[in-house]
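Results of the structural survey
Each chain, written out:
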There are 4 protein chains.
Amino acid sequence: MRKRLYEVIEVADEKDNLSKFYDVFMMIVIVCSLVPIATKGVGLFSPIIDHVTAVIFIIDYLLRLVTADLKLKKGAKSFCLYPITPMAIIDLLSILPSIIAVSEALRILKVLRLLRTLKVFRVFKVIRYSKSISIIINVFKRQKESLLVVCGLAVGYILISALIVLSVEPETFPTFFDAVYWATVSLTTVGYGDIYPVSMAGKIITMCSTLFGIAIVALPAGIVTAGYMDELNKIRKEKVDKDGPEV
Amino acid sequence: MRKRLYEVIEVADEKDNLSKFYDVFMMIVIVCSLVPIATKGVGLFSPIIDHVTAVIFIIDYLLRLVTADLKLKKGAKSFCLYPITPMAIIDLLSILPSIIAVSEALRILKVLRLLRTLKVFRVFKVIRYSKSISIIINVFKRQKESLLVVCGLAVGYILISALIVLSVEPETFPTFFDAVYWATVSLTTVGYGDIYPVSMAGKIITMCSTLFGIAIVALPAGIVTAGYMDELNKIRKEKVDKDGPEV
Amino acid sequence: MRKRLYEVIEVADEKDNLSKFYDVFMMIVIVCSLVPIATKGVGLFSPIIDHVTAVIFIIDYLLRLVTADLKLKKGAKSFCLYPITPMAIIDLLSILPSIIAVSEALRILKVLRLLRTLKVFRVFKVIRYSKSISIIINVFKRQKESLLVVCGLAVGYILISALIVLSVEPETFPTFFDAVYWATVSLTTVGYGDIYPVSMAGKIITMCSTLFGIAIVALPAGIVTAGYMDELNKIRKEKVDKDGPEV
Amino acid sequence: MRKRLYEVIEVADEKDNLSKFYDVFMMIVIVCSLVPIATKGVGLFSPIIDHVTAVIFIIDYLLRLVTADLKLKKGAKSFCLYPITPMAIIDLLSILPSIIAVSEALRILKVLRLLRTLKVFRVFKVIRYSKSISIIINVFKRQKESLLVVCGLAVGYILISALIVLSVEPETFPTFFDAVYWATVSLTTVGYGDIYPVSMAGKIITMCSTLFGIAIVALPAGIVTAGYMDELNKIRKEKVDKDGPEV
């Protein structure tokens, strides 16, 4: 019977109706549990939703813990190992604020509930047989090394820009963090205008930094797009090879 | 005679001069009817234009209603069905504010007149034999599935960013709507600077969200551009296959 | 002798040293004449530079007028036709403010002097044998039709966005021009933050407009870049066909 | 022995452990020397780190000077030539502020210490056998001419925009530098909102300038991305030619 439970909770089998129902049900619960966050707890039903979803999450957590040995396949040790897997930690942290009633002092922990939004990605289970999603995932896998290098380059460029502007205009940027924030907001071309250099030296650095930087910070976006088009063309070619040319 | 009327109003036949004249005439009327909106009703002729164009639109609406059976091809039922087709609803709503004189209380309905701007797309009738426009429409058709997925991804990313920032910095963002507005303005890199996080946690989330997000939110634009270039190359290749290589 | 003068002023012959010297000299004069504009007339030499460059421009204008028949090849009629060619009008307008001494009242005309900056493009004469510049010009020529359509689409989208936002939020946007300015600044993602919707309806329109609009407004940039890369690849292929494969 | 010293300091030999250790050690020292800049000299250890790293940099500088003849291969002349090589000047300038104690008056020189951040690029020595980095460097090398032309075009466009806006709206832009700063911030679409035209003429110029300009200013980024994808495809093709098609 525990085996059946495991199948329902963890295994994503298209033919297993109960498993599919559980996935959809949990997705709805997750979305519902986000409503009190989105409404900031205002609304009559907010505390009720909060409590009901918390109870469901606790049961879900316990059920997953009970079937841990079937998932990790490490025998009795699994029950000790499971609570320290990343998803289990997120699960636990997202339940905690609901368990401990002192909500004011635990606002910080409450934030962690948002990590539960990561569970939203479970939605991809449902549509994982969609061609388009698998293409995007493929792009990220294939371009993984390029994306890592290019993101590293972007982060490095941001840090160096921040350092230079910090030392040129220490009055405007109280801390290194502010300088990094400025560099990120500028190089992504968001430019809120809440923080910007006011001295001539700072402005010159801003100009040089943005002119050269947007090419570097735009690279990841470009690679993802180009990789996506590449993947699409490849699939079309394979189709043509198989089915003959389309008219 | 009703058949001829239908041909003039609805069918876009290049050889039918009266039909072409009607299209051009309606286009001019539509553009004229926008002038009072653009000038905010200021100007001597604004009310006159308003009334004249309204009368023309009412006649146009009635003529279309009268020839509805020829368009929908469902016999007498067409006359009941036509008023609930999307374009007919827009037509009706755009006339309404002109019919009912109480303009102040109906400001909201007046907004609907703008839906009439959709009629501006009728201009494409005239140039629908243009190669370039048909290419762009082709791109949207071919990449429809990709664009839907990618737009869904972008919207999902925006909603999650909004949720996270809302729970981290509830003081800055009064409602969930404000957070979504902030996320959209930030991830499209517009960055007005009317709303932005002020706490350290909020700023960190802004940095992470924009750095990863611009790649996702820029994908639709990239797909449209790449698809457009693809289509252009395909057409050129076909041309070369037909006409032999250009020098 | 007038023929020789014409060769020196108008014909760009690589072997003719005097012609080349004249081009370089005029370029220096043009750049110098911009200095008083850049320094806002402050500086000891500003009025002197202003007068000297004005005299040179007047002589240049007269010389061109005298050799007009050699350029337009229409006999005596050329002397009447030349002053109404676009470049001649710009030349005349750029001289005018210097001739008429009442500078305060002619500030508006002074602006026209900036049209002279168009003369800066004469710099391309010197580097017109550069491969890269000719590639970019080729791209604009080849993609001319696409660029026109795409720019038309972008302008149309901006105008429709402006109309909608104007009618939804007339308090924020005093005139149609303000709405167009807002739409342009938003859709190009500049987002100064000097003007933005404050009502909920206005914000919703901003979000929809930017999310869909950046793809459309980014198309011209994408076409130019893609066309440029296309052209580069074509040139490389031709090179390979001629010289055999590079290692 | 001096030869060995040279090998350790300058030659990047994968098999030479001492050389590798020296590179890593210097990288750590460089990163550490940046900490006091990032913390703005606040913190107990800041002055200590400042002095220790300064001493190490002085020793490094002297060692490099002593082995200069082995590097430049110009005999005794090398010792005179070395101090005027770019990297040696940066080295010297970065040490200077630490030598001269009067730190307040030398704040400007202290800025130069940031040039030391260029030394961070030495980090690429370690990963220079990484495929991705070499691809990016290749892209910059191959597209060098294109990038130069395109960057020149972008800078030219920015200067012309600045000139036009300066003469149209001299009240908003006190100096030419402010106009250039505005043009750069606008055309890179950062748009802080600290400076923007307020007159109608200025706004019209802003709209035209940004609509046409983003295509030009975005070209370098596009070329880098497209070149990168080109390079990736070339490498894959070579791999296929060598290893046979991947499945």
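Note that the structure is a prediction, hence the values are computed from the model and not measured.

1. Some words on the overall build of chain A
- When its secondary structure is counted, chain A shows 12 helices and 0 strands.
- Each helix and strand of chain A, ordered N terminal to C terminal, gives the series α-α-α-α-α-α-α-α-α-α-α-α.
- By residue count, 43% of the 247 residues in chain A fall in the buried class.
- In chain A, of all internal contacts separated by at least 6 residues, the share reaching a separation of at least 24 is 59%.
- Accessible surface, chain A: about 12,700 Å² in total, of which carbon and sulfur atoms supply 72%.

2. Here's the deal with the interface of chain A and chain B
- In this assembly, 35 residues from chain A lie in contact with 43 residues from chain B.
- Here chain A meets chain B over a buried area of about 3,400 Å², counting both sides, of which 70% is carbon and sulfur.
- Three residues, K40, F177 and Y192 of chain A, lead the burial of chain A against chain B; their summed loss comes to 20% of the area buried on that side.
- Residues D178 of chain A and K203 of chain B are paired through a salt bridge, measuring 3.7 Å at the closest nitrogen-oxygen approach.

3. Concerning the relation of the copies chain A and chain B
- For the match of chain A to chain B, the screw axis carries a shift of 0.0 Å, the RMSD comes to 0.1 Å, and the turn is 90°. Taken together, these values place the two copies in the relation of a four-fold axis.
- A low fraction, 11%, of the interface residues of chain A reappear at the interface in chain B, so the copies pair through non-equivalent surfaces.

4. Thoughts on the side chain of E169 of chain D
Residues and elements named next belong to chain D.
- Summarising the element assignment, E169 is placed in the loop between α10 (144-168) and α11 (176-187).
- No salt bridge is formed by the buried E169. Its closest oppositely charged neighbour is K203, at 8.3 Å.
- Polar contacts involving the side chain of E169 include one to the main-chain amide nitrogen of V198, which spans 2.7 Å.
- There is a polar contact of 2.8 Å between the side chain of E169 and the side chain of S199.
- When neighbours within four sequence positions are excluded, E169 is seen to be in contact with P197, V198, S199 and G202.

5. Quick notes on the packing of helix α2 (residues 17-38) of chain A against helix α10 (residues 144-168) of chain B
- Two elements in contact, α2 of chain A and α10 of chain B, have axes separated by 10 Å at closest approach and are oriented at 45°. Here α10 of chain B runs oblique to α2 of chain A, going by the angle between their axes. When you trace α2 of chain A past α10 of chain B, the crossing you get is left-handed. Packed against α2 of chain A, whose contacting residues are L34, I37 and A38 of chain A, the element α10 of chain B presents L163, L166 and S167 of chain B at the interface.

6. Focus: the UniProt feature "transmembrane region" (unreviewed entry) in chain A
Residue and element names in this part refer to chain A.
- The UniProt record marks residues 21-38, 44-67, 147-168 and 204-229 with the feature "transmembrane region" (unreviewed entry), using the residue numbering of this structure.
- Counting secondary structure, residues 21-38 comes out at 100% helix and 0% strand; the distance between its end C-alpha atoms is 26 Å.
- End C-alpha atoms of residues 147-168 are separated by 31 Å, and the span's content is 100% helix alongside 0% strand.

7. Some points on the confidence of the model for chain A
Residues and elements named next belong to chain A.
- Mean pLDDT over chain A works out to 75, with 77% of the residues at or above the 70 mark.
- When the elements of chain A are averaged for pLDDT, helix α8 (residues 123-126) gives the smallest value, 44, and helix α11 (residues 176-187) the largest, 92.
- Contacts of residues 115-129 to residues separated by more than four positions or lying in other chains number 32 contacts, the stretch itself having pLDDT below 50.

8. Overview of a nonpolar patch on the surface
Residues and elements named next belong to chain A.
- Together, L44, F45, I48 and V52 give the surface a local cluster of nonpolar side chains, amounting to about 450 Å² of exposed area.
- Take L44: it is sitting in the loop between α2 and α3 (46-66).
- Classification of L44 by relative accessible area gives exposed; the value is 73%.

9. Regarding the side chain of T210 of chain C
- Relative to the helices and strands, T210 of chain C is located in helix α12 (residues 200-243).
- You can call T210 of chain C buried: its relative accessible area is 3%.
- Engagement of the side chain of T210 of chain C in a polar contact is seen with the backbone oxygen of M207 of chain C, the distance being 3.1 Å.
- With residues up to four places along the chain from it excluded, the contact list for T210 of chain C reads T184, T188 and V190 of chain B together with S186 and L187 of chain C.

10. Thoughts on the packing of aromatic side chains
- Scanning the entire structure with this criterion turns up 8 aromatic pairs over all chains.
- We note K203 of chain A situated over the ring of Y181 of chain D; from NZ or CZ to the ring centre the distance is 4.8 Å.

11. Overview of the packing of helix α1 (residues 2-9) of chain D against helix α2 (residues 17-38) of chain D
Residue and element names in this part refer to chain D.
- At a closest axis distance of 7 Å, the pairing of α1 and α2 adopts a crossing angle of 50°. For the element pair α1 / α2, the angle class is oblique. Of the residues in α2, those touching α1 at R4, E7, V8 and I9 are L18, S19, Y22 and D23.
- Of the residues that constitute the contact of α1 with α2, the class distribution is 4 nonpolar, 1 polar and 3 charged.

12. Brief notes about the environment of T189 of chain B
- By secondary structure assignment, the location of T189 of chain B is in the loop between α11 (176-187) and α12 (200-243).
- Residue T189 of chain B is classed as buried on the basis of its relative accessible area of 10%.
- Once you skip the residues sitting within four places of it in the chain, T189 of chain B turns out to touch T188, T189 and V190 of chain A, I214 of chain B, T189 of chain C together with T189 of chain D.
- Side chain to side chain, T189 of chain B and T189 of chain A meet in a polar contact 3.5 Å long.

13. Some words on a positive patch on the surface
- The grouping of K234 and K237 of chain A, K234 and K237 of chain B, K234 and K237 of chain C together with K234 and K237 of chain D at the surface amounts to a positive patch.
- For the positive patch, the secondary-structure elements that each account for two or more residues are α12 (200-243) of chain A, α12 of chain B, α12 of chain C together with α12 (200-243) of chain D.
- Mapped onto the fold, K234 of chain C is located in helix α12.
- Relative accessible area serves as the criterion here: at 33%, K234 of chain C is assigned to the partly exposed category.

14. Description of the pattern of salt bridges
All names here are of chain B.
- With the rule as written, the count across this model stands at 8 salt bridges over all chains.
- Of the charged contacts, one joins D60 and R64 as a salt bridge, the two residues approaching to 3.1 Å between their closest N and O atoms. Linking D60 with R64, this pair stays in helix α3 (residues 46-66), spanning 4 residues, or about one helical turn.
- Since its relative accessible area comes to 1%, D60 is described here as buried.
- Since its relative accessible area comes to 7%, R64 is described here as buried.

Rules behind the numbers
Residues numbered from 1 in each chain as written. Chains lettered and ligands numbered in written order. Predicted model: local features only at pLDDT ≥ 70, side-chain atom pairs only at ≥ 80, totals over all residues. Heavy atoms only, no water. Helix = DSSP H or I, 4+ residues; strand = E, 2+ residues; numbered from the N terminus. Buried < 20%, exposed > 50% of the residue type's maximum accessible area, 1.4 Å probe, protein only. Contact = heavy atoms within 4.5 Å. Areas by Shrake-Rupley, 256 points an atom, 1.4 Å probe, with all protein chains shown as cover. Buried area = accessible area lost by both parts, 1.4 Å probe. Salt bridge = Lys/Arg side-chain N within 4 Å of Asp/Glu carboxyl O. Least-squares fit on C-alpha atoms with pLDDT ≥ 70 in both. Lys, Arg positive; Asp, Glu negative; His and termini not counted. Polar contact = N/O pair within 3.5 Å; in protein donor to acceptor, adjacent residues only side chain to side chain. Axes fitted to C-alpha atoms, helices over the stretch in contact; angles between N-to-C directions. Parallel < 35°, antiparallel > 145°, perpendicular 65-115°, else oblique. Left-handed = near helix turned anticlockwise from the far one by under 90°. UniProt positions renumbered as here; feature names shortened; annotations may be inferred. pLDDT = per-residue confidence, 0-100. Patch = residues over 30% accessible without salt bridge, like charges linked within 9 Å, V, L, I, M, F, W, Y side chains within 5 Å. Phe/Tyr/Trp six-rings, centres within 6.5 Å; stacked < 30°, edge-to-face > 60°. Lys NZ or Arg CZ within 6 Å of the ring centre and 35° of its normal. Nonpolar A, V, L, I, M, F, W, Y, C, P; charged D, E, K, R; others polar. Charge placed at Lys NZ, Arg CZ, Asp CG, Glu CD.

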